[in-house]
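The lines below spell out each chain.
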Amino acid sequence: MRKRAGITQPDAYLATITDAAGLRDLIRNERRIELCFEGFRFWDIRRWNDVATMQKPVAAAYITNTDGVYTYEYSNIEERKYTANMIYGPIPYNESLKYNLDQNKDW
């Protein structure tokens, strides 16, 4: 694909990928960057069962420009209460009656 696009130089970042875990991290990072404002991030993290990321607090960045000098201040704005059982949401009561379903664990 790179050759077809006219890119002849090897990519130093891709050369560092040596195993499946590294490739998985690369793909996840690419999805994070490309889909950042399209509303898919939550669903990706949930599909990957990344509980550690779901438990991180929501942070805000405050940027100040003083005579062309930018300063950045970060602060947490919301704590997340995410537990492992939340990977699957609760089954609505009417649906559980209709199809005789057992409720998901811990709901």
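Placed above this text is the structure.
As the structure is a computational prediction, the values presented were derived from the model and not from experiment.

Reading guide: rules and limits
Residues numbered from 1 in each chain as written. Predicted model: local features only at pLDDT ≥ 70, side-chain atom pairs only at ≥ 80, totals over all residues. Heavy atoms only, no water. Buried < 20%, exposed > 50% of the residue type's maximum accessible area, 1.4 Å probe, protein only. Helix = DSSP H or I, 4+ residues; strand = E, 2+ residues; numbered from the N terminus. Pairing = 2+ DSSP bridges. Salt bridge = Lys/Arg side-chain N within 4 Å of Asp/Glu carboxyl O.

### A look at the pairing of strand β2 (residues 69-78)
And then number 1: Little of β2 sits out of view: just zero of its ten residues are buried.
And then number 2: The turn linking strand β1 (residues 58-66) back onto β2 is made up of two residues, and Asp-67 within it adopts a positive phi angle of 55 degrees.

### A look at unusual backbone geometry
And then number 1: Residue Asn-49 is not a glycine yet carries a positive backbone phi of 55 degrees.
And then number 2: Its place among the elements puts Asn-49 in the loop between α3 (41-47) and α4 (51-54).
And then number 3: Exposure remark for Asn-49: the relative accessible area of 46% places this residue in the partly exposed category.
And then number 4: The residue Asp-106 is not glycine, and still its phi comes out positive at about 70 degrees.

### Quick notes on the pattern of salt bridges
Oppositely charged side chains can form a pair if their charged atoms are brought close together.
And then number 1: This structure, assessed with the given rule, holds four salt bridges.
And then number 2: One salt bridge connects Arg-47 with Asp-44, and the closest N-O pair in it is separated by 2.3 Å. Within this pair, Arg-47 and its partner Asp-44 are both found in helix α3, separated by three residues, close to a single helical turn.
And then number 3: With a relative accessible area of 5%, Asp-44 lands in the buried category.
And then number 4: Glu-78 serves as the salt-bridge partner of Arg-80, at 3.3 Å between the closest nitrogen and oxygen.
And then number 5: On the basis of relative accessibility, which here comes to 41%, the residue Glu-78 falls in the partly exposed class.
And then number 6: Each member of the salt-bridge network shares a partner with another, and the members are Arg-31, Asp-44 and Arg-47.

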